[in-house]
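Overview (structure and organization)
Here is what each chain is made of, one letter per residue.
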Amino acid sequence: MKISGKLDKDLNILKSLISSDDVIFTDVKAGEKNGVLIFVSDIVDKAVIGQLIMKPLSKLKGEVTEKNLSGKFLSPETETSSDTDYIADKIVSGSAALLIDGINKVFIFGLKKFDKRAIAEPPTSTVIKGPREGFVESLQVNVSLIRRKLKTPKLKFKYIKTGNYSNTDIALCYIDGIADKGILSVLEKKIKSIKIDAVLDSSYVSKFLGEHKTSLFKQVGNTEKPDILAAKILEGRVAVLVDGSPIVLTLPYLLVEDFQSPSDYYSSSYNATLARILRLAAVFISLFLPAFFVAAELFHLQLIPLSFLLTIVNSIKGIPLSPSYEMFFTLLIFEILNEASVRMPRYVGMVVSIVGGLVLGETAVNAGIISAPALMIIALSGICLYTVPELEQTFSVIRLLFLLIGGSIGIYGVLIASAALFIYLVSFETYKTPLLAPFSPLITKDLKDGIYKGFMIEQNLRPLSLKNANKKRMSGGGENGDD
């Protein structure tokens, strides 16, 4: 509906749309005309209302029209509208609306004031060297953090609202001239097509952005650090910021991203390369060690060295469970301890994870329920899994599947399952970007920031694995880098 200019009628329409005890309707005078100022009490700055709106209103004299009101108010965010639905949405989003009798337009002032968490180092991305600031739950604060990192007019933000009841603000962030326009257009269409009651976190949005709806593997990258996000969008990615979430999504996504740590870029290339090799080795240990151990015990005893085999035989005397059931039982204990430590209060959770693991593990071994080698292998596998925390959930499922196959078929089954998984990953693409790039397909120039962390002077080109409009990142100093 449209604003008619009749104060009583327009007021009744808006009250029917946003009637609530926390919505304030304040009578005001604009010269000789009556008016009403409408705002939500807890999400606007009342002191600013007094200074920027009420004070100029009190100085108005004589006849008041829409034309001579323009420019009288001191709020930097001022607009007019006659659409009642739009006005109601702006009010509940933190704006104040001014209705004046006889004027068929409503003045809307952006005066949001939300309580927000202080900027701090994110718990998921701690670094020894480098910036320690992290994103918070306020979209405005997060945008300012990115602006501080990239002071260029080519940094663009495109805002979209979604959520039938939440009306959540979502911002697409990219560098004009670097980001691929096709990917940007697809992302915009996908976000606009989201039709759910509420978007409460960026994880809601990520479910709609993946092109393979039932895939076990991640299809959307994420970060909580402004410096990492700045580096990613400079490579040609598009960031998706969601109001109310400290986690920013990035697309396209490459699997190798999660083997890279923020601290890699603030330490020497040698240390970063060694750390990445260790992470990759740890993932292979976590996935294959339990399955290979069970398969060797059941089907391939000849693969176990004789001295270690004698140790295993002595340790499993009196164990009532078969090797596969024993491994499943041990894995179940550790998964329960892990879940309990996460769900419980922080300090209680630490006690449960440490004391519970030591006491339960030692007691189970002494009671003859599980063997010491099985306990050691599951513990080592669990520790290795958390060297790449972003992929922990995915690899936990794959580890369990490999363990089932190894206990049922043997090592040959595990090798066949590994080959099938590799074939699946090689053919996996999101937004026309191969998941395993730059290794499959092999892109030699991108190997400088794969598992091997090249020197800064070598990073003269943006990743060829990603679709980006401008390939050159740095002039001079490296191969093909001279102007």
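Attention here is on the structure that accompanies the text. Because the structure is predicted, anything quoted here is derived from the model rather than measured.

This paragraph deals with the sheet that holds strand β8 (residues 221-223). Strand order across the open sheet formed by five strands is β6-β7-β9-β10-β8, with antiparallel pairing between neighbours. Bordering the open sheet on either side are β6 (155-162) and β8, each of which pairs with just one other strand. Strand-to-strand twist in this sheet, taken as the mean axis angle between neighbours without regard to direction, amounts to 25 degrees. Note: strand β7 (residues 168-175) against strand β9 (residues 238-242), four bridges, orientation antiparallel. Residue pairing across strands places Leu172 opposite Val240, the latter belonging to β9. The strands touched by helix α5 (residues 139-149) within the sheet are β6, β7 and β9, with β6 carrying the most contacts at an inclination of about 165 degrees. Packing against the sheet, helix α7 (residues 202-209) makes contact with β7, β9 and β10 (248-251), and its axis sits at approximately 20 degrees to β10.

Looking now at the layout of surface pockets. Roughly 850 Å³ of internal volume is contained in the second largest pocket. Looking at the second largest pocket, it is lined by 33 residues, and the ones nearest its centre are Ser93, Lys112, Phe114, Gln140 and Asp169. Listing elements by their share of the lining of the second largest pocket, those giving two or more residues are β3 (78-81), α4 (84-92), β5 (106-110), α5, β6 and β7. For the lining of the second largest pocket, the leading source of residues is β5, giving three residues.

What counts, and where the lines are drawn
Residues numbered from 1 in each chain as written. Predicted model: local features only at pLDDT ≥ 70, side-chain atom pairs only at ≥ 80, totals over all residues. Heavy atoms only, no water. Pairing = 2+ DSSP bridges. Helix = DSSP H or I, 4+ residues; strand = E, 2+ residues; numbered from the N terminus. Axes fitted to C-alpha atoms, helices over the stretch in contact; angles between N-to-C directions. Contact = heavy atoms within 4.5 Å. 1 Å grid on protein atoms, 1.4 Å probe; cavity = no way out; pocket = protein on both sides within 12 Å on 5 of 7 lines; lining within 4 Å. Points joined across faces, edges and corners; volume = space filled by probe spheres on them.

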